[in-house]
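Coordinates in review
Listed below are the residues making up each chain.
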Amino acid sequence: AAVAVAGREGEYAGRDMTYIHVGKAGGSTSSCNIREAFPTVKKHCGTRHFPADGPSESQISRKVSCYTHYNDNMHCYDVNDLFVINTRNPVHRIASWYLYEVSSALR
């Protein structure tokens, strides 16, 4: 199946997905490779510039037109009919959250 891709000049034709970031489920890592999410999460990415400019941009990135964290103001929920949501094993997610909170408290 063919995928409609936005033009390189910034048009949004073909970008018809919303990416909903779920915390402690790999969302920051995924977001580093999604153009619409990058400005929000770049402090977690280790670079100041979107790494996949040009033909190496992923197909998911080429389809996403709106990014939101799951508990943000829901500004993306009514933009598109298609959603990408990152998931993780619930036990691993809780362990990741716990370790993140403990390390934050020790800083």
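The structure we're discussing is the one just above.
Not measured: the values here are computed from a predicted model. (Residues numbered from 1 in each chain as written. Predicted model: local features only at pLDDT ≥ 70, side-chain atom pairs only at ≥ 80, totals over all residues. Heavy atoms only, no water.)

1. With respect to the state of the cysteines
- All told, the structure shown has two disulfides when counted by the stated rule.
- Note on cysteine connectivity: cysteine 32 is disulfide-linked to cysteine 45, with sulfurs 2.0 Å apart. As the torsion about the S-S bond is roughly -95°, the cysteine 32-cysteine 45 disulfide counts as left-handed. Taken together, the residues span a long stretch of sequence, with cysteine 32 in the loop between α1 (27-31) and α2 (38-41) and cysteine 45 in the loop between α2 and α3 (59-63) at a distance of 13 residues. Exposure class is identical for cysteine 32 and cysteine 45. Each is buried.
- Covalent S-S linkage joins cysteine 66 and cysteine 76, the inter-sulfur distance amounting to 1.9 Å. Judged by the sign of its S-S torsion, about -75°, the bond between cysteine 66 and cysteine 76 is left-handed. Placement of cysteine 66 in strand β2 (residues 64-69) and of cysteine 76 in the loop between β2 and β3 (82-85) is noted, with a sequence separation of 10 residues between them. The exposure classification of cysteine 66 matches that of cysteine 76, with both residues buried.
- Counting only the cysteines that take part in disulfides, in the order they occur along the protein, gives the pairing 1-2, 3-4. (Disulfide = S-S within 2.5 Å. Helix = DSSP H or I, 4+ residues; strand = E, 2+ residues; numbered from the N terminus. Buried < 20%, exposed > 50% of the residue type's maximum accessible area, 1.4 Å probe, protein only.)

2. Notes on helix α4 (residues 90-106)
- Compared with an ideal rise of 1.5 Å per residue, which puts 17 residues at 24 Å, α4 spans 24 Å between its outermost C-alpha atoms and is within 8% of the ideal.
- The opening residue of α4 is asparagine 89, an N-cap whose side-chain oxygen sits 2.8 Å from the backbone nitrogen of valine 91. (Expected span 1.5 Å × (residues − 1). Polar contact = N/O pair within 3.5 Å; in protein donor to acceptor, adjacent residues only side chain to side chain.)

3. A closer look at the sheet that holds β2
- Pairing in this open sheet of three strands is parallel, and the strands run β2-β1-β3 from one edge to the other. Across the chains shown, the open sheet's two edge strands, defined by having one partner strand only, are β2 and β3. Going across the sheet, the axis of each strand differs from the next one's by a mean of 25°, ignoring polarity.
- Relative to β2, strand β1 (residues 17-21) runs parallel, the two sharing five bridges. By the bridge assignment for β2, threonine 18 is matched with cysteine 66. (Pairing = 2+ DSSP bridges. Axes fitted to C-alpha atoms, helices over the stretch in contact; angles between N-to-C directions.)

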